Amino acid sequence: MQRLEEKKYLITKDIHSYAELRLCDAVGGAKVLEFSFTWLKDAGRDSVSGYTERIRLPYEPFRSYAAGEKENIDGTRWRLLSIPEQSRPKLEFHSRKNLKAVVENPILRHKLGKFLDQHFNWYNYERIVLTDDYLPYSFFFEGYMVQGTKTCGGVILHGEEDIQTAKYGIHT
């Protein structure tokens, strides 16, 4: 735990598997411990296959639990290791023209709402700001992470000539 707090990450491995522990900030300022477990196997012909599982835990309760500071056995200490996961960042529209045009059209309003619901469940992002793009019914976006980094791109309506078959796409 001391090495993890100093370095903010640790990697351990055996012959075909490894685990990465990373200490990072989460939405709201809390510290989170992320485990990434990767299991690999030789698939023959000089190739490897495998899978990765990720687990996130609140750091302070985990640290207390690992240090043996909690003694009750009724399950309370296990519940302390649960994170209320915020997988959906806040969406902020700073749009005048394009949002108004989309909202006035029920088909586009439905398509945009469904698209945003399916594509902006970004892990560890606090907010996504959408502004007007130069294309009709489309938007420029900037996604802001807890660590201060950001992603930007466009939510573009393709095929706007036929609203019935038009589809939104994301470009970064």
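Summarised in this report is the structure supplied together with it.

About the thresholds
Residues numbered from 1 in each chain as written. Predicted model: local features only at pLDDT ≥ 70, side-chain atom pairs only at ≥ 80, totals over all residues. Heavy atoms only, no water. Core = buried A, V, L, I, M, F, W, Y, C linked by side-chain atoms within 4.5 Å. Buried < 20%, exposed > 50% of the residue type's maximum accessible area, 1.4 Å probe, protein only. Helix = DSSP H or I, 4+ residues; strand = E, 2+ residues; numbered from the N terminus. Pairing = 2+ DSSP bridges. Axes fitted to C-alpha atoms, helices over the stretch in contact; angles between N-to-C directions. Phe/Tyr/Trp six-rings, centres within 6.5 Å; stacked < 30°, edge-to-face > 60°. Parallel < 35°, antiparallel > 145°, perpendicular 65-115°, else oblique. Contact = heavy atoms within 4.5 Å. Nonpolar A, V, L, I, M, F, W, Y, C, P; charged D, E, K, R; others polar.

A short note on the nonpolar core
For step 1, the next point in the chain: L112, F120, L130, F139, F141, V155 and Y168 are the most contacted members of the largest nonpolar core, which has 17 residues in total.
For step 2, the next point in the chain: For this core, the elements supplying multiple residues, two or more each, are α5 (106-119), β6 (125-132), β7 (139-145) and β8 (150-158).
For step 3, the next point in the chain: At 4 residues, α5 tops the list of elements feeding residues into this core.
For step 4, the next point in the chain: Counting residues in each nonpolar core, the second largest holds 9 residues, with L4, L10, L33 and L57 among its members.

Focus on the sheet that holds strand β1 (residues 9-13)
For step 1, the next point in the chain: Across the sheet, which stays open at both edges, the 4 strands sit in the order β1-β2-β3-β4 with antiparallel pairing between neighbours. The open sheet has two edge strands, β1 and β4 (47-58), and neither has a second partner. Shown here is a sheet whose adjacent strand axes are inclined to one another by a mean of 15°, direction ignored.
For step 2, the next point in the chain: Strand direction decides the pairing type here: β1 and strand β2 (residues 17-25), joined by 5 bridges, are antiparallel. Residue pairing for β2: T12 is matched across the bridge by A19.

Digging into the packing of aromatic side chains
For step 1, the next point in the chain: Inspection of the entire model under this criterion finds 9 aromatic pairs.
For step 2, the next point in the chain: When the centroid spacing of 5.7 Å and the interplanar angle of 5° are considered together, the rings of F35 and F37 count as stacked.
For step 3, the next point in the chain: An angle of 70° between the planes, with centres 5.7 Å apart, marks the rings of W122 and F141 as edge-to-face. One end of the pair, W122, is in the loop between α5 and β6; the other, F141, is in strand β7, with 19 residues separating them in the sequence.
For step 4, the next point in the chain: We classify W122 as buried; its relative accessible area is 18%.

Describing the packing of helix α4 (residues 97-104) against α5
For step 1, the next point in the chain: Contact geometry for α4 and α5: axes closest at 5 Å, N-to-C directions at 110°. The orientation of α4 relative to α5 falls into the category roughly perpendicular. Packed against α4, whose contacting residues are V102, V103 and E104, the element α5 presents P106, L108, R109 and L112 at the interface.
For step 2, the next point in the chain: In the contact of α4 with α5, the residues fall into 5 nonpolar, no polar and 2 charged.

Concerning unusual backbone geometry
For step 1, the next point in the chain: Of note in this structure, R45 is not a glycine but carries a positive phi near 55°.
For step 2, the next point in the chain: Among the secondary structure elements, R45 is positioned in the loop between β3 (31-44) and β4.
For step 3, the next point in the chain: In the Ramachandran plot, D46 falls in the positive-phi region, its phi being about 60° despite a non-glycine side chain.
For step 4, the next point in the chain: Looking at the element boundaries, D46 is found in the loop between β3 and β4.

Quick notes on the sheet that holds β7
Strand pairing within a sheet occurs via backbone hydrogen bonds; the two strands may be parallel or antiparallel.
For step 1, the next point in the chain: One open sheet accounts for 5 strands, arranged β5-β6-β7-β8-β9; its pairing is mixed. Each of the sheet's edge strands pairs with one partner strand only, and the pair in question is β5 (90-94) and β9 (167-171). Direction aside, neighbouring strands of the sheet carry axes that sit 25° apart on average.
For step 2, the next point in the chain: Across 5 bridges, β5 lies against β6 in parallel orientation. Following the sheet pairing, K90 is matched in β6 by R127.

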